[in-house]
Every structure is written in C-alpha cells, then in structure tokens.
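Letter by letter, the chains look like this.
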Amino acid sequence: AQSVAQPEDQVNVAEGNPLTVKCTYSVSGNPYLFWYVQYPNRGLQFLLKYITGDNLVKGSYGFEAEFNKSQTSFHLKKPSALVSDSALYFCAVREDSNYQLIWGAGTKLIIKP
Amino acid sequence: GAGVSQSPRYKVAKRGQDVALRCDPISGHVSLFWYQQALGQGPEFLTYFQNEAQLDKSGLPSDRFFAERPEGSVSTLKIQRTQQEDSAVYLCASSLYQGPGREQYFGPGTRLTVT
C-alpha cells in the first residue's frame, strides 16, 4: 500500500537561511511525487513534482526537491527562506496503477525575520 | 483564467440533514477528484471522475456519501443524514488529463460543520 511520512510537524527557520522539509514514501511501483503548499484560507497550490529523469526538480517560488530512490525520500528545499514562505506544506505520492493521491500529514513551516 | 471554484465555502448542518457541495473545475479538465481534509491532517481521497465516469469511489467513507458529474464538468458531492464525524473541509481538484504524473489544481474547499 502507498504511504507518505512527513516526520516533522513543524520546521522553524530564520529568514535567509536554507530550509528543508522532509518527506519519505512507500509504494510498490514507480512513484509520482508532489509537493503542495497551503496558505490559510486558501486552496492547495502545486509547487513541484517528480515523474522521472533528473533527481533534482525545480518548482515555483524558488523551491526544489531531491528524489532519492534508495532512501525513498523526496525532501523539499530552498536555499534562502523568506518570511512569506511560512505555510503548511504537503508531500503526496501516487502510483501509476492507482488513481489515488496519498498525502502526508503536512509540515508547518515558520520563517522568522 | 478561472480556477477551481467550490460552493458554498462554509456550511453548517444539523445532524441528520442532507447537504450538497458543488465543484466547478477548470474548463476542459477531464479529471476531477474529491478529498476530505480533517483539521490538522492531510487530504484523504474520496472519489475520482474521468469526464462523467466515476472510476474510483473507494474512498467514500459510507453509503451516505454520493458524488456525481453528469455532464463531465460540474460535480456535486452529496452527504445524506450528516453525522458529526463528517465535519471537515471538502476539497475538489481537477487536472487536464488522466495520468499519475499530472498535477491537480485545487479549489478553496467547503468547510462543513455538523452540529
């Protein structure tokens, strides 16, 4: 069965520092991995995805994520955090044989000035 | 262009009432998904439509939940005889095509509170 784990409920980072939000997954087939961000009272917004190819994928707002097959991880990163990056971040995975997108519980990212 | 819209944004229902939640996907999007998001949790898959066909309804929690998309565009999620455990945010998402690598575009959600 598919599953996603986001081991940190909350991540605190000072503005200007690099940030990492962790995600590990479990699937039986090829994984399709996604990161979404949720701002208060707004819908989920797509950030980036991994389908195949280069393990480092770049997305919106300067975010990137690294796919690591051996560690079954897809950590979200940004070289220099902004206060406006403060939000709830969700990792999700889907198998090619399944319509369902399986979500992690979310990580609250707090960027302090 | 217009994104995914949902109505109402907020709904308060008394236990036992029926509710209907509407989703207008992005025009031309083939795939439509419904999710349930409890407070402090990630979304949970409910059901999937490809055009008007409901291809997966395995996530619907009980037979009180029913979804339709009769003309392949607007979708309605209906909950009969609401219970307190149905209180959650219901999210609708659409994507241009079917395919596991396609990103989904989400509406703002409908927050349902059952009293």
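Just so it is clear, the model here is predicted, and its values are computed rather than measured.

Participant: How should the sheet that holds strand 8 (residues 75-79) of chain B be read in this particular structure?
Facilitator: Two strands in a sheet stick together by hydrogen bonds in their backbones, pointing the same way (parallel) or opposite ways (antiparallel). All names here are of chain B. Strand order in the open sheet formed by 4 strands is 1-3-8-7, and the pairing between neighbours is antiparallel. Both outer strands of the open sheet, strand 1 (5-7) and strand 7 (65-68), are each paired with one neighbouring strand and no more. Averaged over all neighbouring strand pairs, the angle between strand axes comes to 15 degrees, with direction disregarded. Strand direction decides the pairing type here: strand 1 and strand 3 (residues 19-24), joined by 3 bridges, are antiparallel.

Participant: Is there a simple way to explain the pattern of salt bridges in this structure?
Facilitator: Oppositely charged side chains can form a pair if their charged atoms are brought close together. Residue and element names in this part refer to chain B. Using the criterion set out here, one finds 7 salt bridges over all chains in the structure. Its salt-bridge partner being aspartate 24, residue arginine 22 comes within 2.7 Å of it at the nearest N-O pair. Between aspartate 86 and arginine 64 there is a salt bridge, and its shortest N-O distance comes to 2.7 Å. Taken as a pair, aspartate 86 in the loop between strand 8 and strand 9 (88-95) and arginine 64 in the loop between strand 6 (53-56) and strand 7 lie far apart in primary sequence, 22 residues in all. On the basis of relative accessibility, which here comes to 3%, the residue aspartate 86 falls in the buried class.

Participant: Where do I start with the interface of chain A and chain B in this structure?
Facilitator: Accessible area lost on assembly of the parts is the figure often given for the size of an interface. In this complex, chain A contributes 21 residues to the contact, which on the side of chain B involves 25 residues. Summed over both sides, the interface of chain A with chain B buries roughly 1,800 Å², with 55% coming from carbon and sulfur. Seen at the junction of chain A and chain B, the total is 1 salt bridge. Across the salt bridge formed by Glu103(B) and Lys49(A), the nearest N and O atoms sit 2.6 Å from each other. Where chain A meets chain B, there are 6 residue pairs in polar contact (both at pLDDT 80 or more). Elements represented by at least two residues in the side of chain A that touches chain B include exactly strand 5 (31-38), strand 6 (44-50) and strand 10 (87-95) of chain A. Considering every element that reaches the side of chain A that touches chain B, the biggest residue donor is strand 5 of chain A, with 4 residues. Here the residues of the side of chain A that touches chain B sort into 11 nonpolar, 6 polar and 4 charged.

Participant: What should I look at first to understand the pairing of strand 5 of chain A in this one?
Facilitator: Where a strand is regular, its side chains alternate between the two sheet faces. Residues and elements named next belong to chain A. By the criterion of burial, strand 5 is predominantly enclosed, with 8 of the 8 residues buried. Of the strand pairs in this sheet, strand 5 and strand 10 are connected by 8 bridges, and their pairing is antiparallel. If you follow phenylalanine 34 over to strand 10, its bridge partner there is alanine 92. Bridge count for strand 5 against strand 6 is 6 bridges, and the pairing is antiparallel. From the neighbouring strand, tyrosine 36 faces strand 6, where its bridge partner is phenylalanine 46. In this structure, the hairpin formed by strand 5 and strand 6 is closed by a connection of 5 residues, where asparagine 41 is found at a positive phi of approximately 60 degrees.

About the cut-offs
Residues numbered from 1 in each chain as written. Chains lettered and ligands numbered in written order. Predicted model: local features only at pLDDT ≥ 70, side-chain atom pairs only at ≥ 80, totals over all residues. Heavy atoms only, no water. Pairing = 2+ DSSP bridges. Helix = DSSP H or I, 4+ residues; strand = E, 2+ residues; numbered from the N terminus. Axes fitted to C-alpha atoms, helices over the stretch in contact; angles between N-to-C directions. Salt bridge = Lys/Arg side-chain N within 4 Å of Asp/Glu carboxyl O. Buried < 20%, exposed > 50% of the residue type's maximum accessible area, 1.4 Å probe, protein only. Contact = heavy atoms within 4.5 Å. Buried area = accessible area lost by both parts, 1.4 Å probe. Polar contact = N/O pair within 3.5 Å; in protein donor to acceptor, adjacent residues only side chain to side chain. Nonpolar A, V, L, I, M, F, W, Y, C, P; charged D, E, K, R; others polar.

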